[in-house]
Amino acid sequence: MRVSMSELRHRITILRPVTDTDDEGNILSSSVQEVGKAWALVLPFAAKILDGYAEKVQEVDYRIVIRYRADVRMTDRIRWEDKTLTPIAPSYPLGGKKRWLVLECRELVEDG
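Predicted, not measured: the structure shown is a model, and the values here were computed from it.

**Digging into the pairing of strand β5 (residues 83-87)**
In step 1: On β5, burial follows the alternation: Lys83, Leu85 and Pro87 on one face are buried, whereas Thr84 and Thr86 on the facing-out side are not.
In step 2: As defined by bridge partners, strand β4 (residues 77-80) adjoins β5 across three bridges and the pair is classed as antiparallel. Bridging from a neighbouring strand, Arg79 pairs with Thr84 of β5.
In step 3: Remark: two residues form the turn of the hairpin made by β4 and β5, two consecutive strands paired antiparallel; Glu81 in that turn has positive phi of roughly 50 degrees.
In step 4: Bridge count between β5 and strand β7 (residues 100-109): two bridges; the pairing is antiparallel. When the bridges of β7 are listed, Thr86 appears paired with Arg106.

Structural data, given as structure tokens:
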């Protein structure tokens, strides 16, 4: 896959959960902080609808390409338009070079 700067047309926000612990050592997730914003190429590449015995799950997977940055973690969330995307795989450099970073994320679509 080839990417050029002119294809980065989407604005994303990288969010990181802030975790606190209580007196008993339990992890509490109280809020999220903004790590940064980036221009990105967002490509939906899979949609899945599972009809299980008791529930229906709808998921959309996205491949997001941004300029390389080393501070993106697996626990981060991606905010794009009105969607919150969760990483499903560790980020990796496109083509093995530190020019572009690929994030594979999943959006859970709820019935509303």
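And the narrative resumes.
**A short note on the environment of Tyr92**
In step 1: Mapped onto the secondary structure, Tyr92 falls in strand β6 (residues 92-93).
In step 2: The class for Tyr92 is partly exposed, based on a relative accessible area of 33%.
In step 3: It is 9.2 Å that separates the C-alpha atoms of Tyr92 and Tyr68, two residues lying 24 residues apart in sequence.
In step 4: Setting aside chain neighbours within four positions, we find Tyr92 in contact with Arg63, Trp100, Leu101, Val102 and Glu104.
In step 5: In terms of polar contacts, Tyr92 uses its side chain to reach the side chain of Glu104, at 2.9 Å.

Thresholds, definitions, all that
Sequence order sets the numbering: in each chain, residues are counted from 1 along the sequence as written. This being a predicted model, a pLDDT of at least 70 is required before a residue's local features are given, and a value of 80 or more before pairs of side-chain atoms are given or counted; all residues contribute to the totals for chains, interfaces and linings. Processing note: side-chain calculations cover all non-hydrogen atoms of the structure and skip hydrogens and water entirely. Exposure is judged per residue with a 1.4 Å probe applied to protein chains only, and the accessible area is read against the type maximum: over 50% gives exposed, under 20% gives buried, and values in between give partly exposed. Under the DSSP-based scheme used, a helix requires at least four consecutive residues in state H or I and a strand at least two consecutive residues in state E, with every element numbered from the N terminus. Two strands qualify as a pair provided DSSP detects at least 2 bridges between them. Any two residues whose heavy atoms approach within 4.5 Å at even a single point are treated as in contact. As used in this structure description, the phrase polar contact means that two N or O atoms lie within 3.5 Å; if the pair is within protein, one of them must be able to donate a hydrogen and the other to accept it, and residues adjacent in sequence are counted only when both atoms belong to side chains.

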